[in-house]
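Fold and contact review
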Amino acid sequence: MRYHGREVEVEGKIRLVMESALSARDRVGVQDFLLLENYTSEAAFIENLRRRYRENLIYTYIGSVLVSVNPYKELEIYSKQNMERYRGVNFYEISPHIFALADNSYRALRTERRDQCILISGESGAGKTEASKKILQYYTTTCPTRQNTSSIRERLLHSNPVLEAFGNAKTLRNDNSSRFGKYMDIQFDYKGAPIGGHILNYLLEKSRVVHQNHGERNFHIFYQLLEGGDEQLLKRLGLEKTNPQHYHYLVKGNCPRVSTRNDRNCWRIMTNALSVIGFTEEEVEELLDIVASVLHLGNMQFGENEYGETHLTTDTQLRYLSQLLKVEGSDLSEALTHKKIVAKEEEMISPLSLEQALSARDALSKAIYGRTFTWLVEKINKSLAFKDEPYFSSKSSSVIGLLDIYGFEVFQHNSFEQFCINYCNEKLQQLFIELTLKSEQEEYDAEGIAWETVEYFNNKIICDLVEEKHKGIIAILDEECLRPGDASDITFLEKLEDTLGGHAHFVTHKLANGKTRKAVGREEFRLLHYAGEVNYNVNGFLDKNNDLLYRNLKEVMCKSGNPIMSQCFHREELTDQKRPETAATQFKLSLAKLMEILMSKEPSYIRCIKPNDAKQSGRFDEVLVRHQVKYLGLMENLRVRRAGFAYRRHYEAFLQRYKCLCPETWPNWEGKLVDGVSTLVKHLGYKPEEYQLGRSKIFIRFPKTLFFTEDAREAQKQTVVITLQKSWRGYRERAKYQRIRHAVIVIQSWWRGVKGRRKAKRRREAADTIRNFIKGFILRHEPRGPDNEYFLDHVRFSFIMSVKRNLPKNVLDKTWPRPPPALTEASAHLHRLCIRNLVNDYCRRIQPEWKNQLEQKVIASQIFKGRKDCYPQSVPRLFVATRLENEEINLKVLQTLGSDNKVKYGVAVTKYDRHGYRARARQLLLTGSAAVLVQEAKVKQRIEYSALLGISLGCLSDGFFVLHVPTTDSKQKGDLVLQCDHVIETVTKLAIMADMINSVNISQDSIKFAVARGKEGVIDFICGAELRVVKAKNGHLSVTAPRLNTRA
Ligand SMILES: Nc1ncnc2c1ncn2[C@@H]1O[C@H](COP(=O)(O)OP(=O)(O)OP(=O)(O)O)[C@@H](O)[C@H]1O
Ligand SMILES: [Mg+2]
């Protein structure tokens, strides 16, 4: 743990610990005056400053206030790396630096989302402007960038050289003294990126345009233009290069050049800055026309004729002026030498005296320059404005204000400007007192915190002296300006003496006693400012306060063709009857507004100290520094801080910020806030001397205590962030899960619905089908109608499907599904078709030999089927071409038959004699035209087919057949009785060849046959167990043959 202070009981020891911790960072003196041993001693204070200054340690804290001593030399402490070192680091953790303060404000802005302001005070030349520039650089370098806003950084940075060129000048106190007050708001978006800016300017010291004290210069721009402008430009403007001595407005101080300033360089930077800011070339030209015209105005000379009339003696200037300001030369010359008064709508023109003409000229120069400066600020503001207005107007952006206003200054000769400047510083001091010393002590009282009061000087009395209504110096000045009669600066002084005589902070020559009287001139009044005594010479107070410009000069300027001028001089001014506010009152009002702005923000302070009047580095003028320490109230500041507490916060804010460090207060404390804070600090182990609890706030005495708490918070942040992330992610995922779940349920329910409906539909349809089926079944015999058509169709369909599945495989396959009664006919048709188809198929596939075979079989079937008992047995046996090969037939027979009667079929047969029925083995040969019975080489009988009368067979299984021949034919011996083993085949072939298919007679019992002419034999066929052929007693041939098939 980095915090050691808690172990230490006594204050001295605490200091020791803190000091050792801090001095480890830079070992010279103490980094924070709060750590000074002898904190009430001014000498110790100054010694600490001196020691640090000697080592170039220009920054020291008083608590959260930064004291800065001008080093008057460039230090290597503003680099980018240094900026990074200070980024996000606690105020006290690292050696004091302006970057630490800038970073502190920035972090406060980001964490607490409160607008901040940084008030930079100190006398002229103490380093305020430099400080403000460093802060701006810090922000523009270290803050995150937002898209489209990178150019805003450039513009913010480049606004400085432009404003310095036009608003800064060399004075005796400072070579780059700000002669105007500047309050700049830097706008940040919610991510902390600079997105815009806005500048408020306060009372430019216009008198410098026409007059400078000895050793001082006019505004830088004039010298920059003459030194840096190229020849062509200067020629156009009618100016002479590098010769300020030619211009009356530049010679008053007799100081054309300053060693510390490089005007040529500055000119380059300034013109570049103008283009970065967004000035067009024309605008730059118009602006420079105005700058040049002021120089020409200064060179205008007047003469007096013998009648005392004033006239212009310098035509060249007039020519340039009319050219640059784009006004009518004659109008301008008239307006510079005459005065126009409008009374009761009547215009009166009267000539001006030489002196009046000169002062009119100067007034015009001041007005032109002053208004151009205001225009310039406006122009820069437009360039810095954040364009996305709705975005900016939302609460998401915040600002840090930078106040760099002219410092308290005392010259030999102090005038109205110094009066205003010092009054302004008085007001700022007042604000400082209000916000630190007074409010701090009042707060302790209000909170009921034990506290030892610290005396300090409250400068309210001086502020009142200047600004009080009716009685204040400004009120009296205004009164003198407005009252009719011959009011003058002297009457004003007298009035002051009358009204303010006796005031502790106001003295005049007349009012003063002996010693002081010598120091105050007769035309002076002295104010005892918080920062010292200043004598103001009243000369010019009334004029400067009135800030008068003759009406006819205004008229001329209103007609100017230079666009900038026409924006600066409005015609309404001429018609507006209301008298404009005086310069002092305007200033007073704008300061009041500034105070309001500053009060609304959380302030941080930089107190700048000037180490010497000679602008030299390394010189530490103790008297000068002591004076500043005194009037800046640094000692009081230190005492108040030491007596008090380093840190305070409303309970609510404190608890809100640190509640995560204590289980009882995290995540929410339900009880009273004070109890919550008390619980929290006890948990954190705060010692009683480290803090006090007020009525609404907690007061923490040492910064270290706070750092410890901050560190603990930083460490805890991780855990808190993880917890928050966890919860958030959990919440997000849960929500996502719920969403998905819900979606799933919706989809499921829809899908289930769809499925359920489909199923129900299917069931309904099924039930309908079943119902139809049953009904159809019941009514299946009724004529087809709506009630049974389904069933019938189904039956039909089922039958057809069954047929399809069980089609006969081949021609002989007789299977066929049993048709339902209604389809009997159709079934038969189908069957036929199918068989035909099969047959057709079969036939297509059949070979010629087989076809022949089948044709013969078919004929055999025609002849024998159902008529001859042995026929079925013959069916599977194939018919052969012949039963006798040619080799088996006697060659002689063949020769006898001749080549024309080739034997087509031959078979061995048994011939029975016609009378005795003796069996004789023979061959039966069938030729193309006759059947020939052969015995060896002998043709026994030849029967021409044409002569064949018929063929007869018995119906039994025997092989007997009779060939009937005409008995009338002498060549024939009678009918031929033959027996053959292949009777079916033989008879079939014979029937075919003899074309006797229809003449085959199959007898049931007997066959008669002709034996010879008129005689006939009979063959009786008898069923028996076995084949037996005998001649019966009746003379018949008896053939007994078994019956192989039982005929139906
Ligand atoms: N931090 C610094 N580092 C180096 N030089 C510095 C620093 N601060 C101031 N100076 C020198 O001191 C000079 C005067 O400083 P600066 O212009 O900031 O004074 P000022 O307080 O603004 O005075 P005025 O009230 O007249 O405007 C600068 O021009 C510069 O030379
Ligand atoms: Mg300045």
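Residues numbered from 1 in each chain as written. Chains lettered and ligands numbered in written order. Predicted model: local features only at pLDDT ≥ 70, side-chain atom pairs only at ≥ 80, totals over all residues. Heavy atoms only, no water.

In the annotation of an unreviewed UniProt entry, the entry for the protein chain reads Unconventional myosin-Ic, and the organism field reads Chanos chanos. Word for word, the UniProt comment on the protein chain under Sequence similarities (unreviewed entry) is "Belongs to the TRAFAC class myosin-kinesin ATPase superfamily. Myosin family." One UniProt comment on the protein chain, placed under Subcellular location (unreviewed entry), says "Cytoplasm, Cell cortex". (UniProt positions renumbered as here; feature names shortened; annotations may be inferred.)

Time to look at the pairing of strand β10 (residues 338–343). The pairing of β10 with strand β11 (residues 346–351) spans six bridges and is antiparallel. Each bridged residue has a counterpart across the sheet, and for Ile341 the counterpart in β11 is Met348. With antiparallel pairing between neighbouring strands as the criterion, β10 and β11 make up a hairpin whose turn holds two residues, including Lys344 at a positive phi of roughly 50°. (Pairing = 2+ DSSP bridges. Helix = DSSP H or I, 4+ residues; strand = E, 2+ residues; numbered from the N terminus.)

Protein-derived coordination of the magnesium ion (ligand 2) comes from Thr129 (OG1) and Ser178 (OG), at a distance range of 1.9 to 2.1 Å. Of this pair, Thr129 sits in helix α5 (residues 128–142) while Ser178 is found in strand β5 (residues 177–178), placing the two residues 49 residues apart along the sequence. Taken individually, Thr129 and Ser178 each receive the classification buried, so the pair is uniform in this respect. (Donors = N, O, S within 2.8 Å, 3.2 Å for Na, K, Ca; no water. Buried < 20%, exposed > 50% of the residue type's maximum accessible area, 1.4 Å probe, protein only.)

The domain architecture assigned to the protein chain consists of domain 1 (442–538), domain 2 (650–726) and domain 3 (855–1041). For domain 2 and domain 3, the distance between their C-alpha centres works out to 140 Å. (Domains from an automatic or database assignment.)

Further remarks concern the sheet that holds strand β19 (residues 697–700). Taken in spatial order, the three strands make up an open sheet running β17-β19-β18, and their pairing is antiparallel. Every other strand in the sheet has two partners, leaving β17 (647–650) and β18 (691–693) as the edge strands with one partner each. Looking at each pair of strands side by side, their axes are set apart by 15° on average, direction ignored. Here β18 runs beside β19; their pairing, made up of three bridges, is antiparallel. Bridge pairing links Leu693 to Ile698 in β19. Where helix α29 (residues 651–658) meets the sheet, it contacts β17, β18 and β19, and its direction lies at approximately 95° from that of β17. (Axes fitted to C-alpha atoms, helices over the stretch in contact; angles between N-to-C directions. Contact = heavy atoms within 4.5 Å.)

What follows concerns the sheet that holds strand β12 (residues 398–404). Across the sheet, seven strands lie side by side as β1-β2-β16-β3-β12-β6-β7; this open sheet has mixed pairing. The two strands at the open ends of the sheet, each matched to only one other strand, are β1 (59–62) and β7 (194–202). Neighbour to neighbour, the strand axes of the sheet diverge by 20° on average, direction disregarded. Of the pairings in the sheet, the one linking β1 to strand β2 (residues 65–69) comprises four bridges and is antiparallel in character. By the bridge assignment for β2, Tyr59 is matched with Ser68. Sheet strands touched by helix α17 (residues 416–447): β2, β3 (116–121), β12 and β16 (602–609). Its angle to β16, the strand with the most contacts, is close to 125°.

The next point concerns the side chain of Lys379. Here Lys379 shows up in helix α15 (residues 354–384). The class for Lys379 is buried, based on a relative accessible area of 18%.

Looking now at the nonpolar core. In this structure, Tyr139, Phe166 and Phe525 are the most contacted members of the largest nonpolar core, which totals 176 residues. Broken down by element, this core gets its largest block of residues, 13 residues, from α15. What Phe166 contacts, discounting residues up to four positions off in sequence, is Leu204, Phe219, Ile221, Met270, Leu287, Val291, Tyr369, Phe373 and Leu376. If you look at the next biggest cluster of nonpolar residues, it comprises 49 residues, including Ile951, Ile1002, Phe1009 and Val1011. (Core = buried A, V, L, I, M, F, W, Y, C linked by side-chain atoms within 4.5 Å.)

Attention now goes to the pairing of strand β20 (residues 905–912). Of all eight residues that make up β20, six are buried, and the element is covered over most of its length. Bridge count between β20 and strand β21 (residues 919–926): eight bridges; the pairing is antiparallel. If you follow Ala908 over to β21, its bridge partner there is Gln923. The loop that links β20 with its antiparallel partner β21 comprises six residues; one of these, Tyr917, has a positive phi angle of about 60°. In the sheet, β20 pairs with strand β26 (residues 976–980) via four bridges, with the strands oriented antiparallel. When the sheet's bridge partners are listed, Lys911 is paired in β26 with Leu978.

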